[in-house]
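The primary structure of each chain is shown beneath.
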Amino acid sequence: MKIRTGRLIGSRQWQERFAATGIDADRKTARVLRENKQAWNDWGSIDPLWSIITNPDLKHGRGAIEEFWRLGEAEISHVMSTAANLGLPARKNEALDFGCGVGRLTRAMTRHFSYCTGVDVAETMIDQARRLNQGYPCRFLVNDTNNLAQFDDSAFDFVYTALVLQHLPTVEVIRTFIAEFLRVLKPDGGLLAFQLPTHVPPRSLRNRLRLRTRAFAALAALGLDKRVLYERFNLVPVMQMHFIPKQEVLTHLRSLGASIVEVQCGRFEFGEIDSATYFVTKPG
Ligand SMILES: C[S@@+](CC[C@H](N)C(=O)[O-])C[C@H]1O[C@@H](n2cnc3c(N)ncnc32)[C@H](O)[C@@H]1O
């Protein structure tokens, strides 16, 4: 009898705790999204180009921006030639660049598509993207929710994202955005291509920098100038580095009804981070 009572009480407590965890989980998601947006707004104001491609030549706003654009052109040329070999996308009207930063890849995409849209969580990035890419057939919009609700279903012939998904606040948010990319992709001939790390070692350089990001957050909260913290003390805003193993991504894509047409694997950041680019279509 005692045991049964104990179990009943335990079960109710567990349910209460579970409900409370649900509320906490929502709060936690809202908080991490806010932190994610704040961190990228900080990056956009203190060192946008370096935060995008972490090339030492670009640190502290130095270096030639031409090289920055050239790398974007080279990346999109490679992606489009892979796509051409697959006979995709069937139409080249509308393209979406998710996590566009200052428009490095969006600008390059305008060579291949009639009109491109770049979206980013950070206003500081979007402001610079608008300023730097005047005259190109593209627009830049803030997207600071956990979805792409500002776009209709089947709106784009091509959806691309690179160097972004790893920086989203949680793995669950990454999975949600993959579903959103498929929702806004045109069926029958639309192409989704996205890059996402498949493994980041716990002792990677990225993970060893955590102390510098914690110190930045603590001192910035005390009101110290963020630019000074970055330029004089080498402290940095947070830059999340998540990954999802390839098999899990493939399972997720299949569960969403997508067709996987090609996966290209590679490494970046001093060979420490394994990554894959997935080429995916949406059957009609
Ligand atoms: C490393 S940069 C890459 C920019 C661009 N894709 C490129 O390769 O030039 C990462 C970008 O992702 C954006 N980002 C981070 N979290 C985001 C989110 N939740 N939604 C949309 N963009 C996000 C950042 O603001 C930043 O501009």
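Predicted model, so just to flag it, every value in this text is computed and none were measured. (Residues numbered from 1 in each chain as written. Predicted model: local features only at pLDDT ≥ 70, side-chain atom pairs only at ≥ 80, totals over all residues.)

Trainee: How should the overall build of the protein chain be read in this particular structure?
Mentor: Each helix and strand counted, the protein chain has 10 helices and 7 strands in total. Of all 284 residues assigned to the protein chain, the portion counted as buried reaches 36%. Partitioning the contacts of the protein chain with sequence separation of at least 6, the portion at a separation of at least 24 is 66%. (Helix = DSSP H or I, 4+ residues; strand = E, 2+ residues; numbered from the N terminus. Buried ≥ 20, exposed ≤ 12 C-beta atoms within 10 Å, placed from the backbone. Contact = placed C-beta atoms within 7 Å.)

Trainee: Just to check I follow, could you spell out the site of the ligand for this structure?
Mentor: Among the 18 residues in the neighbourhood of the ligand, the closest are listed as Trp40, Gly99, Gly101, Arg104 and Val121. Taken together, the elements giving at least two residues each to the shell around the ligand come down to α1 (2-46) and α4 (104-109). Its residues placed into classes, the shell around the ligand shows 11 nonpolar, 5 polar and 2 charged. (Near = placed C-beta within 6 Å. Nonpolar A, V, L, I, M, F, W, Y, C, P; charged D, E, K, R; others polar.)

Trainee: What is the right way to look at the environment of Ala217 in this model?
Mentor: Structurally, the position occupied by Ala217 is in helix α8 (residues 210-221). For Ala217 and Ala39, which are 178 residues apart along the polypeptide, the C-alpha to C-alpha distance reads 9.2 Å.

Trainee: Sorry, what's going on with helix α5 (residues 123-132) here?
Mentor: Given 3.6 residues per turn, any residue in an α-helix points the same way as the ones three and four places further on. Buried within α5 are the following residues: Met125, Ile126, Gln128 and Ala129. Projected down its long axis, α5 shows its buried positions confined to an angular sector of 165°, all on one face. (Arc of directions from axis to C-beta.)

Trainee: What am I meant to see in the environment of Ile126 here?
Mentor: Relative to the assigned elements, Ile126 resides in helix α5. Every residue in contact with Ile126, bar those within four places of it in the chain, is listed here: Asp120, Phe140, Leu141 and Val142.

Trainee: Just checking my understanding: could you explain the pairing of strand β1 (residues 94-98) for this structure?
Mentor: Side-chain positions along a regular strand alternate between the two faces of the sheet. Of all 5 residues in β1, 4 are buried; the element is thus mostly enclosed. The pairing of β1 with strand β2 (residues 115-120) spans 5 bridges and is parallel. Counterpart to Asp97 in the pairing with β2 is Gly118. Between β1 and its parallel partner β2, the chain crosses via α4, and the hand of that crossover is right-handed. (Pairing = 2+ DSSP bridges. Right-handed = clockwise from strand over helix to strand, strands pointing away.)

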